[in-house]
Amino acid sequence: MFGRIERDGRAALVLTALLALPACAGRPSGVLLPIADAGAVPGTSRVDMLVATTRKSAADKGVLFSGERGEAVTYTDLAVSIPPDATRQPGSVQWPKSVPGNPATDFVALRADPVERSKVATWTGRSVRRGAKRHALVFVHGFNNKFEDAVFRFAQIVHDSGAEVAPVLFTWPSRGSVLAYGYDRESTNFSRNALETLLRDLARDPNVGEITVLAHSMGNWLALESLRQMAIRDKRVAPKIRNVILAAPDVDMDLARAAFHDMGKDRPRLTLMVSGDDQALAVSRLVWGDSVRLGAIDPAAEPYRSELERENVAVLNLSTMKSDDALNHGKFASGEVVALLGRRLADGQPISDGQIGIGDRLVSTAAGAASTVATGAALAVAAPVALVDPQTRETYGEHLSNMGSGLRDTVGSTVDLAGAPVRALGGSGR
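Remember, it's a predicted structure, so these values are computed and weren't measured experimentally.

### Things to note about the confidence of the model for the protein
Detailed reading of the predicted coordinates is not advisable wherever pLDDT falls low.
Line of reasoning, step 1. Per-residue confidence for the protein averages 75 on the pLDDT scale, and 64% of its residues sit at or above 70.
Line of reasoning, step 2. The lowest-confidence element of the protein is helix H15 (residues 419–426), averaging 36 in pLDDT; the highest-confidence one is helix H5 (residues 192–204), averaging 98.
Line of reasoning, step 3. Low pLDDT, under 50, characterises residues 328–332; the predicted model gives this stretch 26 contacts beyond four residues in sequence or across chains.
Line of reasoning, step 4. Taken as a whole, residues 352–390 scores under 50 in pLDDT and shows 140 contacts with residues more than four places along the chain or in a different chain.

As structure tokens, this is what we get:
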């Protein structure tokens, strides 16, 4: 009885702290409405990318695509202006405080033009660098990403990496809420065929010589499933797909094993980025019933060490690095990490601790927000996340009211799942 009262008290403290926070204006809507060319602003940089999406088109031209599922794959030729390096830290995305944004200080869109699938080769013909590799980088984002989140983050990764690649973003229907894990998870399954088709089209494109796939968090499930499907259909993964980088995969370990097996011996070179101090992924494991998540394993411990060696999976163990993020949640695209990736991709060298020797000096990537299997558990997990995430606060109240009078009991019984993030916020979670 006392334990139940204590849990209820902890839940009440979390919710009280959340609701007592001052209102936050958050980011403005419509930040992707193209502005006049930013070339007049000295020092700005430009990233031109091809975007393929299974999202539903939005009526607002500054939003472009919603978090809902579309009826077909849509392609867009999109350009992003990045403010001068002197005004930003590598690894950061500087969001406009109002629309239109200021190219001198903000990430802004310069162009967003529809492209027919049949014209994608025309885009690659313009965009692929005419070096020996003719390299395309395909990025698959993770859980809790709105369309503009994925666009600006990928632009930052490409710019800060310095990699000479043709950037291709595949963005799937995520509602951009920490409380929509179930919907997002099913959206990755919804998008498997579309990503497989995109990768096959790029592999057949004579303009493209080599492809790297970079996936983050839940996007790893989508990437592994699409590559697995390709291997089953075509008897192997397309040879042009040379590298697949699995950054903090929120993927069940057993499912990852099956995907590696089904891709066959001729699969791409796999690199796993893991972080044992990812608080959100620790919660994800608890909510999934203690299912081991691939992104949180200790690659030096058995049986994982022998298994990774047997499967020829390179590893970057980023667990010991400190983070400015209390939840170890948003450091995947740090300037140091993406610069490293850019150099290694350019050199054609493996990306692993053994080759680089600086794994312990790199910052870690988080797995996205904690997974949930029920709304009550979602609220328990989301409460501490919302303390530091204005976007979560925007949707938390609606979900809270929908729960009704049973919320206290549900959260009281599951709030222990949120202990790690709460301790992280308090500075004593290690």
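### Details of the nonpolar core
Line of reasoning, step 1. Membership of the largest hydrophobic core comes to 56 residues, with the highest contact counts inside it found for Phe170, Leu198, Ile241 and Phe260.
Line of reasoning, step 2. Considering each element in turn, this core owes the most residues, seven residues, to helix H6 (residues 219–234).
Line of reasoning, step 3. Counting residues in each nonpolar core, the second largest holds 33 residues, with Val51, Val93, Leu137 and Leu214 among its members.

### Comments concerning the packing of H6 against helix H7 (residues 253–263)
Line of reasoning, step 1. For the pair H6 and H7, the least separation of the axes is 8 Å and the interaxial angle reads 30°. It follows from the interaxial angle that H6 and H7 lie roughly parallel. When you trace H6 past H7, the crossing you get is left-handed. In this structure, H6 uses Trp221, Leu224, Leu227, Arg228 and Ala231 to contact H7, whose residues at the interface are Leu255, Ala259, Phe260, Asp262 and Met263.
Line of reasoning, step 2. Looking at the contact of H6 with H7, its residues break down into eight nonpolar, no polar and two charged.

### Some points on the side chain of serine 174
Line of reasoning, step 1. Here serine 174 lies in the loop between strand S5 (166–171) and helix H4 (181–190).
Line of reasoning, step 2. Overall, the relative accessible area of 1% leaves serine 174 in the buried class.
Line of reasoning, step 3. Within the structure, serine 174 has its side chain in polar contact with the backbone nitrogen of asparagine 144 (distance 3.3 Å).
Line of reasoning, step 4. A polar contact is formed between the side chain of serine 174 and the backbone nitrogen of glycine 176, at a distance of 3.3 Å.
Line of reasoning, step 5. Once residues lying within four places of it in the same chain are set aside, the contact partners of serine 174 are Arg55, Gly67, His141, Phe143, Asn144, Asn145 and Asp184.

### Re the pairing of strand S6 (residues 210–216)
Line of reasoning, step 1. Among the seven residues of S6, seven are classified as buried, and the element is accordingly described as predominantly covered.
Line of reasoning, step 2. By the alternation rule, side chains of S6 split into Glu210, Thr212, Leu214 and His216 and Ile211, Val213 and Ala215, which are all buried.
Line of reasoning, step 3. Bridge count between strand S4 (residues 135–140) and S6: six bridges; the pairing is parallel. Within S6, the position partnered with valine 140 by the bridge is alanine 215.
Line of reasoning, step 4. Relative to strand S7 (residues 241–247), S6 runs parallel, the two being bridged by six bridges. Note that in S7 the partner of isoleucine 211 across the bridge is isoleucine 241.
Line of reasoning, step 5. A crossover links S6 with its parallel partner S7, the connecting element being H6, and its sense is right-handed.

Rules used throughout
Residues numbered from 1 in each chain as written. Predicted model: local features only at pLDDT ≥ 70, side-chain atom pairs only at ≥ 80, totals over all residues. Heavy atoms only, no water. pLDDT = per-residue confidence, 0-100. Helix = DSSP H or I, 4+ residues; strand = E, 2+ residues; numbered from the N terminus. Contact = heavy atoms within 4.5 Å. Core = buried A, V, L, I, M, F, W, Y, C linked by side-chain atoms within 4.5 Å. Buried < 20%, exposed > 50% of the residue type's maximum accessible area, 1.4 Å probe, protein only. Axes fitted to C-alpha atoms, helices over the stretch in contact; angles between N-to-C directions. Parallel < 35°, antiparallel > 145°, perpendicular 65-115°, else oblique. Left-handed = near helix turned anticlockwise from the far one by under 90°. Nonpolar A, V, L, I, M, F, W, Y, C, P; charged D, E, K, R; others polar. Polar contact = N/O pair within 3.5 Å; in protein donor to acceptor, adjacent residues only side chain to side chain. Pairing = 2+ DSSP bridges. Right-handed = clockwise from strand over helix to strand, strands pointing away.

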